[in-house]
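Listed below are the residues making up each chain.
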Amino acid sequence: MAIPDNRAPLKKYIWLLIILNGLDGILTYFGLTRGLVTEANPLLSSFAPFTILGIKLFLSVCLFGLLFTTFAGIRKTFWRYTFIFANVLYSMILVLHLYWLPFLFIS
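Keep in mind that what you see is a predicted model, and the values were worked out from it rather than measured.

A. Representation of the overall build of the protein in the model. The number of helices and strands found in the protein is three helices and zero strands. For the protein, the N- to C-terminal ordering of α and β elements is α-α-α. What you see for the protein is a C-alpha radius of gyration of 17 Å, clearly larger than the 13 Å of a compact globule of 107 residues, by over 25%. Principal-axis analysis of the C-alpha atoms places the extent of the protein at approximately 65 × 25 × 20 Å. Across the 107 residues that make up the protein, the buried fraction comes to 33%. Across the protein, contacts joining residues at least 24 apart in sequence account for 79% of those joining residues at least 6 apart. On the protein, roughly 7300 Å² of surface is accessible, and the fraction owed to carbon and sulfur atoms is 75%.

Structural data, given as C-alpha coordinates:
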(Lines give C-alpha, C1' and ligand atoms only; values in the text may rest on other atoms or scores of the structure.)
Protein backbone atom coordinates (compact mmCIF):
# COMPACT_ATOMS: atom_id res chain seq x y z
CA MET A 1 0.00 0.00 0.00
CA ALA A 2 1.42 3.38 -1.05
CA ILE A 3 1.74 6.21 1.41
CA PRO A 4 -0.16 9.27 0.11
CA ASP A 5 1.87 12.39 -0.64
CA ASN A 6 0.30 15.19 1.40
CA ARG A 7 2.35 17.95 -0.21
CA ALA A 8 0.20 20.01 -2.56
CA PRO A 9 1.14 20.54 -6.19
CA LEU A 10 2.02 24.06 -7.27
CA LYS A 11 -1.21 24.89 -9.11
CA LYS A 12 -2.87 26.82 -6.30
CA TYR A 13 0.31 28.83 -5.67
CA ILE A 14 0.66 29.61 -9.38
CA TRP A 15 -2.98 30.71 -9.63
CA LEU A 16 -2.57 33.02 -6.66
CA LEU A 17 0.59 34.53 -8.15
CA ILE A 18 -1.20 35.10 -11.48
CA ILE A 19 -3.96 37.01 -9.70
CA LEU A 20 -1.65 39.00 -7.42
CA ASN A 21 0.72 39.94 -10.25
CA GLY A 22 -2.16 40.99 -12.50
CA LEU A 23 -3.72 43.11 -9.76
CA ASP A 24 -0.36 44.71 -9.03
CA GLY A 25 0.04 45.62 -12.69
CA ILE A 26 -3.45 47.08 -12.99
CA LEU A 27 -3.27 49.05 -9.75
CA THR A 28 0.24 50.29 -10.52
CA TYR A 29 -0.94 51.47 -13.94
CA PHE A 30 -3.79 53.49 -12.43
CA GLY A 31 -1.55 54.88 -9.70
CA LEU A 32 1.15 55.92 -12.16
CA THR A 33 -1.22 57.49 -14.67
CA ARG A 34 -2.92 59.53 -11.90
CA GLY A 35 0.43 60.55 -10.39
CA LEU A 36 -0.34 58.94 -7.04
CA VAL A 37 2.61 56.52 -6.94
CA THR A 38 6.01 55.92 -8.45
CA GLU A 39 7.31 52.56 -9.63
CA ALA A 40 9.53 51.17 -6.88
CA ASN A 41 10.98 48.34 -8.97
CA PRO A 42 14.25 49.70 -10.44
CA LEU A 43 13.96 47.32 -13.41
CA LEU A 44 10.58 48.77 -14.39
CA SER A 45 10.88 52.38 -13.23
CA SER A 46 12.23 53.67 -16.55
CA PHE A 47 9.24 52.35 -18.54
CA ALA A 48 5.96 54.11 -19.30
CA PRO A 49 2.90 53.05 -17.25
CA PHE A 50 1.29 51.22 -20.17
CA THR A 51 4.52 49.30 -20.81
CA ILE A 52 4.70 48.27 -17.15
CA LEU A 53 1.11 47.07 -17.36
CA GLY A 54 1.94 45.10 -20.50
CA ILE A 55 4.98 43.49 -18.88
CA LYS A 56 2.97 42.53 -15.80
CA LEU A 57 0.11 41.07 -17.82
CA PHE A 58 2.56 39.20 -20.06
CA LEU A 59 4.17 37.70 -16.95
CA SER A 60 0.72 36.62 -15.74
CA VAL A 61 0.04 34.96 -19.12
CA CYS A 62 3.39 33.15 -18.90
CA LEU A 63 2.53 31.95 -15.39
CA PHE A 64 -0.86 30.81 -16.70
CA GLY A 65 1.00 28.75 -19.30
CA LEU A 66 2.85 26.97 -16.48
CA LEU A 67 -0.47 25.52 -15.34
CA PHE A 68 -0.56 23.34 -18.45
CA THR A 69 2.91 21.90 -18.03
CA THR A 70 4.22 19.14 -15.82
CA PHE A 71 5.89 21.83 -13.70
CA ALA A 72 2.55 22.65 -12.03
CA GLY A 73 2.34 19.10 -10.71
CA ILE A 74 5.73 19.17 -9.03
CA ARG A 75 5.65 18.46 -5.33
CA LYS A 76 9.13 19.70 -4.46
CA THR A 77 9.36 21.70 -1.27
CA PHE A 78 11.83 24.18 -2.79
CA TRP A 79 9.41 25.28 -5.52
CA ARG A 80 6.46 25.37 -3.15
CA TYR A 81 8.31 27.69 -0.76
CA THR A 82 9.56 29.79 -3.67
CA PHE A 83 5.99 30.40 -4.83
CA ILE A 84 4.80 30.98 -1.26
CA PHE A 85 7.54 33.61 -0.84
CA ALA A 86 6.54 35.31 -4.11
CA ASN A 87 2.87 35.29 -3.08
CA VAL A 88 3.67 36.78 0.33
CA LEU A 89 5.80 39.47 -1.34
CA TYR A 90 3.04 40.38 -3.83
CA SER A 91 0.48 40.36 -1.00
CA MET A 92 2.58 42.91 0.87
CA ILE A 93 2.80 45.01 -2.30
CA LEU A 94 -0.99 44.93 -2.59
CA VAL A 95 -1.25 46.12 1.01
CA LEU A 96 0.87 49.12 -0.04
CA HIS A 97 -1.57 49.71 -2.91
CA LEU A 98 -4.42 49.81 -0.39
CA TYR A 99 -2.79 52.88 1.18
CA TRP A 100 -3.11 55.09 -1.92
CA LEU A 101 -6.11 53.41 -3.56
CA PRO A 102 -8.72 55.62 -1.81
CA PHE A 103 -7.03 58.69 -3.33
CA LEU A 104 -7.82 57.30 -6.78
CA PHE A 105 -11.51 57.80 -6.13
CA ILE A 106 -11.23 61.11 -4.27
CA SER A 107 -9.33 63.02 -6.97
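B. Main features of the nonpolar core. Core analysis: the biggest nonpolar cluster contains 21 residues, and Ile 14, Leu 17, Leu 63, Phe 83 and Trp 100 have the highest contact counts within it. Contributing elements (two or more residues each) for this core: α1 (11-33), α2 (49-66) and α3 (77-106). Setting aside anything within four residues of it in sequence, one finds Phe 83 in contact with Leu 10, Tyr 13, Ile 14, Leu 17, Leu 63, Leu 66 and Phe 71.

C. Structural context of the layout of surface pockets. Volume-wise, the largest pocket comes out at about 390 Å³. In this structure, the largest pocket is lined by 16 residues; those nearest its centre are Asp 24, Thr 28, Glu 39, Ala 40 and Ile 93. Residue assignment for the lining of the largest pocket shows that the elements contributing at least two residues are α1, α2 and α3. Sort the elements by how many residues they give to the lining of the largest pocket and α3 lands first, with five residues. Residues belonging to the lining of the largest pocket are distributed by class as follows: nine nonpolar, four polar and three charged.

D. Fine view of the packing of α1 against α2. At a closest axis distance of 9 Å, the pairing of α1 and α2 adopts a crossing angle of 175°. Of the possible angle classes, the one that applies to α1 and α2 is roughly antiparallel. Classifying every residue of the contact of α1 with α2 gives 16 nonpolar, six polar and two charged.

E. Structural view of the packing of aromatic side chains. The tally for this structure, following the rule as stated, stands at eight aromatic pairs. Ring geometry for Phe 78 against Trp 79: centres 5.1 Å apart, planes inclined by 75°, an arrangement best described as edge-to-face. By relative accessible area, Phe 78 is classed as exposed at 57%. Since its relative accessible area comes to 34%, Trp 79 is described here as partly exposed. Here the aromatic cluster, defined as three or more aromatic residues joined through ring pairs, consists of Phe 71, Phe 78, Trp 79 and Phe 83. Across the ring face of Tyr 81, the terminal group of Arg 80 is positioned such that the distance to the ring centre comes to 5.5 Å.

F. Geometry of a nonpolar patch on the surface. A cluster of nonpolar residues, Trp 15, Ile 19, Leu 23, Phe 64 and Phe 68, forms a patch on the protein surface that exposes about 520 Å² of accessible area. Examining the composition of the nonpolar patch, we find that three residues originate from one element, α1, more than from any other. By relative accessible area, Phe 68 is classed as exposed at 65%.

Definitions and cut-offs
Along each chain, numbering runs from 1 in the same order as the chain's sequence is written. Only residues with pLDDT of 70 or above have their local features reported here, since the model is predicted, and side-chain atom pairs are shown and tallied only from 80 upward, although totals for entire chains, interfaces and linings are computed over all residues. For side-chain calculations, the full set of non-hydrogen atoms in the structure is used, while hydrogens and water are omitted. Only DSSP runs of H or I with at least four residues qualify as helices, and only runs of E with at least two residues qualify as strands; both kinds are numbered from the N terminus onward. Only C-alpha atoms enter the radius of gyration; for comparison, a globular chain is expected to reach 2.2 Å times N to the power 0.38, where N is the number of residues. Think of it in three bands: with a 1.4 Å probe and only protein chains considered, a residue is buried below 20% of the maximum accessible area for its type, exposed above 50%, and partly exposed in between. Note on contacts: a residue pair qualifies if any of its non-hydrogen atoms lie within 4.5 Å across the two residues. Per-residue and other accessible areas follow the Shrake-Rupley method at a 1.4 Å probe size, with only the shown protein chains counted as cover for residues. Among buried residues, the Ala, Val, Leu, Ile, Met, Phe, Trp, Tyr and Cys ones that are joined through side-chain atoms within 4.5 Å form a nonpolar core. Method remark: on a 1 Å grid restricted to protein atoms, a set of points is classed as a cavity if a 1.4 Å probe fits but cannot get out and as a pocket if it is open with protein on both sides within 12 Å along at least five of seven lines; lining residues have an atom within 4 Å of a point. Grid points are joined across faces, edges and corners, and a volume is the space filled by probe spheres set on the points. Lys, Arg, Asp and Glu make up the charged group, whereas Ala, Val, Leu, Ile, Met, Phe, Trp, Tyr, Cys and Pro make up the nonpolar group; the residues left over, Gly among them, are polar. Every axis in this analysis is a line fitted to C-alpha atoms, fitted for helices over the stretch in contact. Angles between the N-to-C directions lie between 0 and 180 degrees. Here is the rule for angles: anything less than 35 degrees is roughly parallel, anything more than 145 is roughly antiparallel, 65 through 115 is roughly perpendicular, and the remaining ranges are oblique. Only centres within 6.5 Å qualify two rings of Phe, Tyr or Trp (six-membered ring in Trp) as a pair; their planes then separate them into stacked at under 30 degrees, edge-to-face at over 60, and tilted for everything else. Charges are assigned to positions over rings by a cutoff of 6 Å between ring centre and Lys NZ or Arg CZ, combined with an angular limit of 35 degrees from the ring normal. Patches in this entry comprise residues that are over 30% relatively accessible and not in a salt bridge; like charges within 9 Å are linked, as are nonpolar side chains (Val, Leu, Ile, Met, Phe, Trp, Tyr) within 5 Å. Here a salt bridge means any side-chain nitrogen of Lys or Arg lying within 4 Å of a carboxyl oxygen belonging to Asp or Glu.

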